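# Observations on the three-dimensional arrangement
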Amino acid sequence: MMTLTKSLRTTALAAGLALTSMVPAMATDLSKAGTIEYVTFEAKEGVTVEAMSEAAAGGTVNANLHAHYDGFVDRHVALQADGIWIEVVYWESEEAGRAALEKFVADPVNKAFLDLVNVETVSITYSDIH
């Protein structure tokens, strides 16, 4: 019963995160987006959903991307029911996304978020929007 309750709470939180991150998407002009960067990752052992949600989906990372990353359009973070986090980033081009990656990892503004990520589980793919 405890596992089911925890699973239901995680599912409810994931749905809430998805809905919360969808609201800005509706208001964002994605017409400039030419590429989607799709990132999957797991949190480090012991990191709570609440802690990751605050660090990953909080406004600090997105505000920094908007202010300091050329070609950035929008970003959304969600949690799957299996515990895998998904980060969807819209870029003007794949080149802009790839160029920003090293800067993003080194940027101290993103440290609180990146410190919670199990780097061994990170997968990044780029797709052209058609």
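On a predicted model such as this, the values are computed, not experimentally measured, just so you know.

## Considering helix α4 (residues 94-106)
With 13 residues, α4 ought to run about 18 Å at 1.5 Å a step, and its terminal C-alpha atoms sit 19 Å apart, in line with that. If you look at α4, its biggest bend is around 30 degrees, right at A100. Looking only at α4, the buried set comprises A96, G97, A100 and F104. Against the buried residues of α4 lie β1 (35-43), α3 (59-68), β3 (85-91), α5 (111-114) and β4 (117-128).

## Section: the nonpolar core
Of all hydrophobic cores here, the largest spans 20 residues; its most connected members are F41, M52, L65, Y69, W91 and F113. Elements that contribute at least two residues to this core include exactly β1, α2 (49-57), α3, β2 (72-79), β3 and α4. Among the nonpolar cores identified, the runner-up in size contains five residues, and A33, V73, I86 and Y90 belong to it.

## A closer look at the pairing of β1
Across seven bridges, β1 lies against β3 in antiparallel orientation. Directly across from E37, in β3, lies its bridge partner V89. Looking at chain direction, β1 and β4 are connected through eight bridges and run antiparallel. Its bridge partner lying in β4, Y38 is registered against T125.

Parameters at a glance
- Residues numbered from 1 in each chain as written.
- Predicted model: local features only at pLDDT ≥ 70, side-chain atom pairs only at ≥ 80, totals over all residues.
- Heavy atoms only, no water.
- Helix = DSSP H or I, 4+ residues; strand = E, 2+ residues; numbered from the N terminus.
- Expected span 1.5 Å × (residues − 1).
- Bend = angle between axes of the 7 residues up to and from the residue.
- Buried < 20%, exposed > 50% of the residue type's maximum accessible area, 1.4 Å probe, protein only.
- Contact = heavy atoms within 4.5 Å.
- Core = buried A, V, L, I, M, F, W, Y, C linked by side-chain atoms within 4.5 Å.
- Pairing = 2+ DSSP bridges.

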